[in-house]
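Read off the chains here:
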Amino acid sequence: MRRLQIRNSLILFLTAVIWGVAFVAQSVGMDYVGPFTFICVRSLIGGIVLIPCIAFLNRREERNEQAEISGTEGEPGKQKRKLLLGGICCGLALCFASCFQQFGILYTTVGKAGFITAFYIIIVPLLGLFFGKKCGPSVWAGVALALAGLYFLCIGESLRIGRGDLLVFICACLFSVHILVIDYFTRFVDGVKMSCIQFFVCGIAAGLGMLLFEEPSLSQLLAAWKPVLYAGVLSSGAGYTLQIVGQKGMNPTVASLILSLESVVSVLAGLLILGQRLSGREALGCVLMFAAIVLAQIPQKKKAR
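All values reported here derive from a predicted model rather than from experimental measurement. (Residues numbered from 1 in each chain as written. Predicted model: local features only at pLDDT ≥ 70, side-chain atom pairs only at ≥ 80, totals over all residues. Heavy atoms only, no water.)

Side note on the overall build of the protein
Part 1 of the reasoning: Across its full length, the protein carries 13 helices and zero strands.
Part 2 of the reasoning: Overall, the protein shows an N-to-C arrangement of helices and strands of α-α-α-α-α-α-α-α-α-α-α-α-α.
Part 3 of the reasoning: Of all 305 residues assigned to the protein, the portion counted as buried reaches 50%.
Part 4 of the reasoning: When the accessible surface of the protein is summed, it comes to about 15,100 Å², and 67% of that surface belongs to carbon and sulfur atoms. (Helix = DSSP H or I, 4+ residues; strand = E, 2+ residues; numbered from the N terminus. Buried < 20%, exposed > 50% of the residue type's maximum accessible area, 1.4 Å probe, protein only. Areas by Shrake-Rupley, 256 points an atom, 1.4 Å probe, with all protein chains shown as cover.)

What follows is the structure, given as structure tokens:
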């Protein structure tokens, strides 16, 4: 059990790294295409990338029918219905959260958006209480420490509530719902298959917005092919799938804390790729974030023993 938690924690950390670097890709890609177009294309690419992976897993399952690849139980018909329902719920939550975040960034600063979005690390345990998800004092201390770290990392000005801030706050609530929906359905269905479905659902939903409110062109997509491919293949296809696999069996509050490290990685990616400087205030935020992750893991290790 302890090894499984350590493995899942490392998987979630890798997810945070991929998502942190994706902020650079998203920033560059938005110079060429609109929000709905970017979300639509990256999601569809993410779904397509997972099809060969699912085919490989199905072959393994056929060779050894006794192996429980997904760890699910129940009749095949019920499993398919749960898989479809889980994919639709996750896809819609992902689409709405991504759209609110993208449009919110248009009306607020990146620092405010990063801090407000990271509120999902406090929203998740609050929502989890309604579903019987209890957290130890060390986890709550980790949440408080992570919020302090994110403040030093992202906020360099007075926080004022504006239209963009409100949109990003709604985004944080939706991402919290997304985490809890994943936590529920991964107990019953194959995480990789559900991830594939959620991308196609998200892509179709964003595609409707693209056709209604934007005028995408092939030339724009070709100009943004590098950031779009990174966001589609790694951030969407690999990142969200790793989230589903790594979050299985993990406390959703701990999972959200680890995933919030994407804010730290985004600062480091900006430093290394875009040449942005890391101030002493931001460095302090990184230290506090890492300390919060370590602190949040303590109760998990004691339970395993």
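From this point on, the discussion continues.
A word on the packing of aromatic side chains
Part 1 of the reasoning: As enumerated under the stated definition, the model contains four aromatic pairs in all.
Part 2 of the reasoning: In this structure an aromatic cluster arises from ring pairing among Phe36, Phe103 and Phe213. (Phe/Tyr/Trp six-rings, centres within 6.5 Å; stacked < 30°, edge-to-face > 60°.)

A look at the packing of helix H7 (residues 163-185) against helix H10 (residues 225-247)
Part 1 of the reasoning: At a minimum axis separation of 9 Å, H7 and H10 run at an interaxial angle of 55 degrees. Accordingly, the angle class assigned to the pair H7 and H10 is oblique. In this structure, H7 crosses over H10, and the sense of that crossing is right-handed. On the side of H7, the interface is formed by Phe175, His178, Ile179, Ile182 and Asp183, while H10 contributes Tyr240, Gln243, Ile244 and Gln247.
Part 2 of the reasoning: Classifying every residue of the contact of H7 with H10 by side-chain character gives five nonpolar, three polar and one charged. (Axes fitted to C-alpha atoms, helices over the stretch in contact; angles between N-to-C directions. Parallel < 35°, antiparallel > 145°, perpendicular 65-115°, else oblique. Left-handed = near helix turned anticlockwise from the far one by under 90°. Contact = heavy atoms within 4.5 Å. Nonpolar A, V, L, I, M, F, W, Y, C, P; charged D, E, K, R; others polar.)

Considering the state of the cysteines
Part 1 of the reasoning: Applying the stated criterion across every chain, the model contains zero disulfides.
Part 2 of the reasoning: Here cysteine 90 stays unpaired: no disulfide links it, and the sulfur of cysteine 89, its closest cysteine neighbor, is 6.9 Å away.
Part 3 of the reasoning: In this structure cysteine 99 is not part of a disulfide, and its nearest cysteine sulfur, from cysteine 95, lies 4.1 Å away.
Part 4 of the reasoning: Take cysteine 99: its relative accessible area is 10%, and that puts it in the buried class. (Disulfide = S-S within 2.5 Å.)

Structural notes on the confidence of the model for the protein
One rule of thumb: low pLDDT means the predicted coordinates there are not for detailed reading.
Part 1 of the reasoning: Looking at the protein as a whole, the pLDDT averages 80, with 84% of positions reaching at least 70.
Part 2 of the reasoning: By mean pLDDT, helix H13 (residues 280-304) is the weakest element of the protein at 68, and helix H8 (residues 191-213) is the strongest at 92.
Part 3 of the reasoning: Overall, residues 66-70 carries pLDDT values under 50, and its contacts beyond four positions in sequence, including any with other chains, amount to seven contacts.
Part 4 of the reasoning: Note that pLDDT drops below 50 for residues 300-305; the model gives that stretch six contacts with residues more than four away or on any other chain. (pLDDT = per-residue confidence, 0-100.)

A few points about the packing of helix H1 (residues 2-29) against helix H11 (residues 252-259)
Part 1 of the reasoning: Direction vectors running N to C along H1 and H11 enclose 40 degrees, while the axes themselves pass 8 Å from each other. In terms of their interaxial angle, H1 and H11 are classed as oblique. Residue-level inspection shows Ser9, Leu12, Phe13, Thr15, Ala16 and Trp19 of H1 in contact with H11, the latter providing Ala255, Ile258 and Leu259.
Part 2 of the reasoning: Across the contact of H1 with H11, the residue classes tally to seven nonpolar, two polar and no charged.

A look at H11
Every α-helix winds through 3.6 residues per turn, so residues three or four apart in the chain are directed the same way.
Part 1 of the reasoning: Burial analysis of H11 places eight of its eight residues in the buried class, which makes it a mostly covered element.
Part 2 of the reasoning: Considered for burial, the residues of H11 that qualify are Pro252, Thr253, Val254, Ala255, Ser256, Leu257, Ile258 and Leu259.

Considering the side chain of asparagine 8
Part 1 of the reasoning: Tracing the backbone through its elements, the reader meets asparagine 8 in helix H1.
Part 2 of the reasoning: When its relative accessible area of 2% is taken as the criterion, asparagine 8 is described as buried.
Part 3 of the reasoning: Among the polar contacts made by the side chain of asparagine 8, one reaches the side chain of arginine 7 at a distance of 3.0 Å.
Part 4 of the reasoning: The contacts of asparagine 8, once residues within four sequence positions are left out, are Val245, Gly246, Lys248 and Met250. (Polar contact = N/O pair within 3.5 Å; in protein donor to acceptor, adjacent residues only side chain to side chain.)

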